[in-house]
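# Fold and contact review
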Amino acid sequence: MVSIDLLTPRTRRRHAHVTKPPTLVHLDRATILSEDQATVFSDLSLRIRAGQRWVLFCKEQETITALLKCVAGLQEPERGVVTILGHVSWPLGQVTCVSNKLSCADNCRFLAGIYGQRGMIKQEMALVEELMALQREQWLRPLLKLPSAVKTRLKLALSLAFDFDLYVMDASALRHFRRTNPWTDTWQSLLEQRLRTRAVLSAGPIPLEDGGAGAKGLVLAKGHLVKKGPLAECQAYWTGQLDPGNHRSRR
(Lines give C-alpha, C1' and ligand atoms only; values in the text may rest on other atoms or scores of the structure.)
Protein backbone atom coordinates (compact mmCIF):
# COMPACT_ATOMS: atom_id res chain seq x y z
CA MET A 1 0.00 0.00 0.00
CA VAL A 2 1.17 3.52 -0.76
CA SER A 3 0.65 4.69 2.81
CA ILE A 4 2.95 1.99 4.18
CA ASP A 5 5.67 2.77 1.63
CA LEU A 6 5.76 6.32 3.00
CA LEU A 7 6.70 5.14 6.50
CA THR A 8 9.94 4.03 8.10
CA PRO A 9 10.22 0.37 9.13
CA ARG A 10 9.86 1.24 12.82
CA THR A 11 6.50 2.95 12.20
CA ARG A 12 4.94 0.54 9.71
CA ARG A 13 3.68 -1.96 12.27
CA ARG A 14 1.73 0.75 14.09
CA HIS A 15 -0.12 1.74 10.91
CA ALA A 16 -0.30 -1.63 9.14
CA HIS A 17 -4.12 -1.51 9.04
CA VAL A 18 -4.30 1.99 7.49
CA THR A 19 -5.39 2.32 3.84
CA LYS A 20 -4.62 6.02 3.39
CA PRO A 21 -1.56 8.05 4.45
CA PRO A 22 -1.69 8.03 8.26
CA THR A 23 -1.39 11.06 10.50
CA LEU A 24 2.15 11.58 11.81
CA VAL A 25 1.62 14.76 13.84
CA HIS A 26 -1.60 16.52 14.84
CA LEU A 27 -1.64 19.97 16.41
CA ASP A 28 -5.06 20.74 17.89
CA ARG A 29 -5.47 24.42 18.79
CA ALA A 30 -1.90 24.59 20.08
CA THR A 31 -0.59 27.78 21.69
CA ILE A 32 3.02 28.64 22.52
CA LEU A 33 3.99 31.62 24.69
CA SER A 34 7.40 33.23 25.11
CA GLU A 35 9.16 33.57 28.47
CA ASP A 36 7.56 36.99 28.95
CA GLN A 37 4.14 35.46 28.10
CA ALA A 38 3.90 37.05 24.66
CA THR A 39 2.12 34.95 22.03
CA VAL A 40 4.53 33.11 19.73
CA PHE A 41 1.69 31.36 17.95
CA SER A 42 -1.90 30.83 19.03
CA ASP A 43 -4.73 28.35 18.47
CA LEU A 44 -2.92 26.56 15.65
CA SER A 45 -4.40 23.37 14.21
CA LEU A 46 -2.41 21.31 11.70
CA ARG A 47 -2.44 17.67 10.62
CA ILE A 48 0.65 16.30 8.84
CA ARG A 49 0.20 12.97 7.08
CA ALA A 50 2.80 10.54 5.74
CA GLY A 51 4.35 11.77 2.50
CA GLN A 52 2.98 15.32 2.74
CA ARG A 53 5.20 18.35 2.20
CA TRP A 54 4.45 21.61 3.99
CA VAL A 55 6.24 24.94 3.46
CA LEU A 56 5.99 27.55 6.21
CA PHE A 57 5.88 31.27 5.40
CA CYS A 58 6.57 33.48 8.42
CA LYS A 59 8.67 36.57 9.15
CA GLU A 60 9.06 35.98 12.89
CA GLN A 61 12.02 33.65 13.56
CA GLU A 62 10.79 32.97 17.10
CA THR A 63 7.53 31.61 15.67
CA ILE A 64 9.37 29.47 13.11
CA THR A 65 11.66 27.97 15.75
CA ALA A 66 8.83 27.30 18.20
CA LEU A 67 6.63 25.62 15.58
CA LEU A 68 9.41 23.35 14.34
CA LYS A 69 10.27 22.34 17.92
CA CYS A 70 6.61 21.79 18.75
CA VAL A 71 6.10 19.48 15.75
CA ALA A 72 9.32 17.65 16.65
CA GLY A 73 8.07 17.10 20.21
CA LEU A 74 10.80 19.27 21.73
CA GLN A 75 8.47 21.97 23.09
CA GLU A 76 5.09 21.45 24.70
CA PRO A 77 2.24 23.90 24.09
CA GLU A 78 0.83 25.99 26.94
CA ARG A 79 -2.65 25.24 25.62
CA GLY A 80 -3.99 22.74 23.13
CA VAL A 81 -2.70 19.28 22.28
CA VAL A 82 0.14 17.96 20.11
CA THR A 83 -0.15 14.27 19.20
CA ILE A 84 2.87 12.58 17.61
CA LEU A 85 2.20 9.22 15.94
CA GLY A 86 5.31 8.90 13.75
CA HIS A 87 9.08 8.99 13.94
CA VAL A 88 9.83 12.74 13.73
CA SER A 89 13.25 14.36 13.33
CA TRP A 90 14.56 17.26 15.33
CA PRO A 91 15.09 20.44 13.21
CA LEU A 92 17.85 19.39 10.80
CA GLY A 93 21.30 20.44 11.98
CA GLN A 94 20.02 21.62 15.35
CA VAL A 95 20.34 18.52 17.52
CA THR A 96 20.95 19.74 21.08
CA CYS A 97 21.54 16.51 22.99
CA VAL A 98 25.19 15.94 22.04
CA SER A 99 27.65 15.95 24.95
CA ASN A 100 30.97 17.78 24.81
CA LYS A 101 32.42 15.18 27.16
CA LEU A 102 31.76 12.35 24.69
CA SER A 103 33.51 11.66 21.41
CA CYS A 104 31.86 11.87 18.01
CA ALA A 105 31.65 8.07 18.04
CA ASP A 106 30.03 7.90 21.49
CA ASN A 107 27.53 10.67 20.70
CA CYS A 108 26.59 8.87 17.51
CA ARG A 109 26.20 5.51 19.28
CA PHE A 110 23.98 7.09 21.95
CA LEU A 111 21.63 8.75 19.44
CA ALA A 112 21.55 5.69 17.21
CA GLY A 113 20.22 3.71 20.16
CA ILE A 114 17.31 6.17 20.48
CA TYR A 115 16.54 7.27 16.91
CA GLY A 116 18.13 4.57 14.79
CA GLN A 117 16.68 1.43 13.29
CA ARG A 118 17.00 -1.79 15.27
CA GLY A 119 20.01 -3.80 14.16
CA MET A 120 21.44 -0.91 12.11
CA ILE A 121 23.58 0.93 14.68
CA LYS A 122 26.91 -0.08 13.12
CA GLN A 123 25.78 1.00 9.65
CA GLU A 124 24.42 4.31 10.93
CA MET A 125 27.63 5.04 12.81
CA ALA A 126 29.67 4.18 9.70
CA LEU A 127 27.55 6.62 7.68
CA VAL A 128 28.15 9.48 10.15
CA GLU A 129 31.86 8.74 10.21
CA GLU A 130 31.94 8.82 6.40
CA LEU A 131 30.07 12.14 6.30
CA MET A 132 32.36 13.65 8.92
CA ALA A 133 35.54 12.63 7.00
CA LEU A 134 37.65 12.88 10.15
CA GLN A 135 40.85 11.15 11.02
CA ARG A 136 40.21 8.16 13.27
CA GLU A 137 41.88 9.90 16.21
CA GLN A 138 39.50 12.90 15.87
CA TRP A 139 36.47 10.60 15.59
CA LEU A 140 37.39 9.13 19.01
CA ARG A 141 38.37 12.42 20.67
CA PRO A 142 35.96 14.24 23.08
CA LEU A 143 34.08 17.10 21.41
CA LEU A 144 35.62 19.51 23.94
CA LYS A 145 38.94 19.08 22.16
CA LEU A 146 37.60 19.55 18.63
CA PRO A 147 37.00 22.82 16.69
CA SER A 148 33.49 24.27 16.76
CA ALA A 149 33.18 23.67 13.00
CA VAL A 150 33.52 19.92 13.63
CA LYS A 151 30.77 20.04 16.26
CA THR A 152 28.47 21.84 13.83
CA ARG A 153 29.24 19.32 11.12
CA LEU A 154 28.51 16.45 13.53
CA LYS A 155 25.06 17.86 14.29
CA LEU A 156 24.14 17.93 10.62
CA ALA A 157 25.64 14.49 9.97
CA LEU A 158 23.56 13.06 12.83
CA SER A 159 20.45 14.72 11.35
CA LEU A 160 21.00 12.92 8.05
CA ALA A 161 22.07 9.57 9.51
CA PHE A 162 18.66 8.34 10.65
CA ASP A 163 15.53 7.61 8.65
CA PHE A 164 12.51 9.56 9.93
CA ASP A 165 8.84 9.60 8.85
CA LEU A 166 8.77 13.40 9.05
CA TYR A 167 11.68 15.82 8.64
CA VAL A 168 11.40 19.34 10.06
CA MET A 169 13.86 21.98 8.92
CA ASP A 170 14.66 25.64 8.57
CA ALA A 171 15.90 26.03 4.99
CA SER A 172 18.05 29.02 6.01
CA ALA A 173 20.01 26.73 8.36
CA LEU A 174 20.85 24.43 5.44
CA ARG A 175 22.04 27.40 3.39
CA HIS A 176 24.34 28.27 6.30
CA PHE A 177 25.85 24.77 6.22
CA ARG A 178 26.50 25.03 2.50
CA ARG A 179 28.32 28.34 2.96
CA THR A 180 30.46 27.49 5.97
CA ASN A 181 31.16 23.76 5.69
CA PRO A 182 32.30 21.39 2.95
CA TRP A 183 29.06 20.21 1.31
CA THR A 184 29.83 17.26 -0.95
CA ASP A 185 27.72 15.39 -3.47
CA THR A 186 27.36 12.67 -0.84
CA TRP A 187 25.67 15.08 1.59
CA GLN A 188 23.35 16.44 -1.11
CA SER A 189 22.45 12.97 -2.39
CA LEU A 190 21.66 11.70 1.10
CA LEU A 191 19.51 14.72 1.93
CA GLU A 192 17.49 14.27 -1.28
CA GLN A 193 17.16 10.55 -0.59
CA ARG A 194 15.79 11.22 2.90
CA LEU A 195 13.28 13.82 1.72
CA ARG A 196 12.12 12.16 -1.50
CA THR A 197 9.44 9.90 0.02
CA ARG A 198 9.13 11.28 3.55
CA ALA A 199 6.91 13.98 4.96
CA VAL A 200 8.55 17.40 5.29
CA LEU A 201 7.79 20.59 7.20
CA SER A 202 10.16 23.28 5.98
CA ALA A 203 10.48 26.96 6.81
CA GLY A 204 11.47 28.05 3.32
CA PRO A 205 11.77 26.10 0.06
CA ILE A 206 12.16 22.33 0.24
CA PRO A 207 15.65 21.46 -1.06
CA LEU A 208 14.62 19.03 -3.80
CA GLU A 209 14.97 19.34 -7.56
CA ASP A 210 11.19 19.54 -7.95
CA GLY A 211 10.94 21.92 -4.99
CA GLY A 212 8.55 19.52 -3.26
CA ALA A 213 5.97 19.21 -6.03
CA GLY A 214 2.44 19.00 -4.65
CA ALA A 215 3.43 20.68 -1.40
CA LYS A 216 1.03 22.66 0.76
CA GLY A 217 1.66 25.99 2.42
CA LEU A 218 1.15 27.62 5.81
CA VAL A 219 1.21 31.39 6.27
CA LEU A 220 1.62 32.69 9.84
CA ALA A 221 1.59 36.35 10.79
CA LYS A 222 1.96 37.70 14.32
CA GLY A 223 1.41 34.24 15.75
CA HIS A 224 -1.79 33.47 13.87
CA LEU A 225 -2.48 31.19 10.93
CA VAL A 226 -3.79 33.43 8.14
CA LYS A 227 -3.78 30.97 5.23
CA LYS A 228 -3.38 27.24 4.64
CA GLY A 229 -3.68 25.37 1.35
CA PRO A 230 -1.91 24.65 -1.96
CA LEU A 231 1.66 25.95 -1.99
CA ALA A 232 1.17 28.17 -5.07
CA GLU A 233 -1.79 29.94 -3.47
CA CYS A 234 0.05 30.49 -0.17
CA GLN A 235 3.14 31.73 -1.98
CA ALA A 236 1.07 34.20 -4.01
CA TYR A 237 -0.68 35.38 -0.85
CA TRP A 238 2.67 35.76 0.94
CA THR A 239 4.20 37.71 -1.95
CA GLY A 240 1.17 39.97 -2.08
CA GLN A 241 1.39 40.70 1.64
CA LEU A 242 5.07 41.68 1.31
CA ASP A 243 4.52 43.88 -1.74
CA PRO A 244 4.64 47.56 -0.59
CA GLY A 245 2.27 48.43 -3.44
CA ASN A 246 -0.37 46.07 -2.13
CA HIS A 247 -2.83 48.02 0.00
CA ARG A 248 -3.80 44.94 1.99
CA SER A 249 -0.30 44.78 3.48
CA ARG A 250 -0.80 48.20 5.10
CA ARG A 251 -3.79 47.23 7.16
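It should be noted that the structure appears before, not after, this text.
Residues numbered from 1 in each chain as written. Predicted model: local features only at pLDDT ≥ 70, side-chain atom pairs only at ≥ 80, totals over all residues. Heavy atoms only, no water.

### A closer look at the sheet that holds strand β2 (residues 39-49)
The following threshold applies: A pair of strands is treated as paired once DSSP finds two or more bridges between them. A run of DSSP states H or I qualifies as a helix once it reaches four residues; a run of E qualifies as a strand once it reaches two. Both are numbered from the N-terminal end. Think of each axis as a best-fit line through the C-alpha atoms, taken over the contacting stretch in the case of a helix, with angles from 0 to 180 degrees between the N-to-C directions. Should any heavy atoms of two residues lie within 4.5 Å, those residues are considered in contact.
Strand order in this open sheet of 3 strands is β2-β1-β4, and the pairing throughout is antiparallel. The outermost strands of the open sheet, each flanked by one partner alone, are β2 and β4 (79-84). Averaged over all adjacent pairs, the angle separating strand axes in this sheet is 15 degrees, with direction ignored. In this structure, strand β1 (residues 23-33) lies alongside β4, joined through 5 bridges in antiparallel fashion. Bridging across to β4, histidine 26 finds its partner in threonine 83. Those strands touched by helix α3 (residues 61-71) are β1, β2 and β4, and its axis lies near 45 degrees from that of β2.

### Some remarks on the nonpolar core
Put simply, the rule is: For our purposes a nonpolar core is just a set of buried Ala, Val, Leu, Ile, Met, Phe, Trp, Tyr and Cys residues, chained together by side-chain atoms within 4.5 Å. Here the term buried applies to any residue with accessible area under 20% of the maximum for its type, exposed to any over 50%, and partly exposed to those in between, with areas from a 1.4 Å probe on protein chains only.
Membership of the largest hydrophobic core comes to 44 residues, with the highest contact counts inside it found for Cys104, Val128, Met132, Trp139, Leu158 and Leu195. Those elements giving two or more residues to this core turn out to be β3 (53-57), α4 (104-115), α5 (121-132), α7 (148-161), β5 (166-170), α9 (185-196) and α10 (231-242). Ranked by residue count, the leading element in this core is α7, at 7 residues. Those residues within four positions of methionine 132 in sequence are excluded, and the remaining contacts are Cys104, Trp139, Val150, Arg153, Leu154 and Ala157. In this structure, Ala30, Trp54, Ala72 and Ala199 belong to the second largest nonpolar core, which totals 31 residues.

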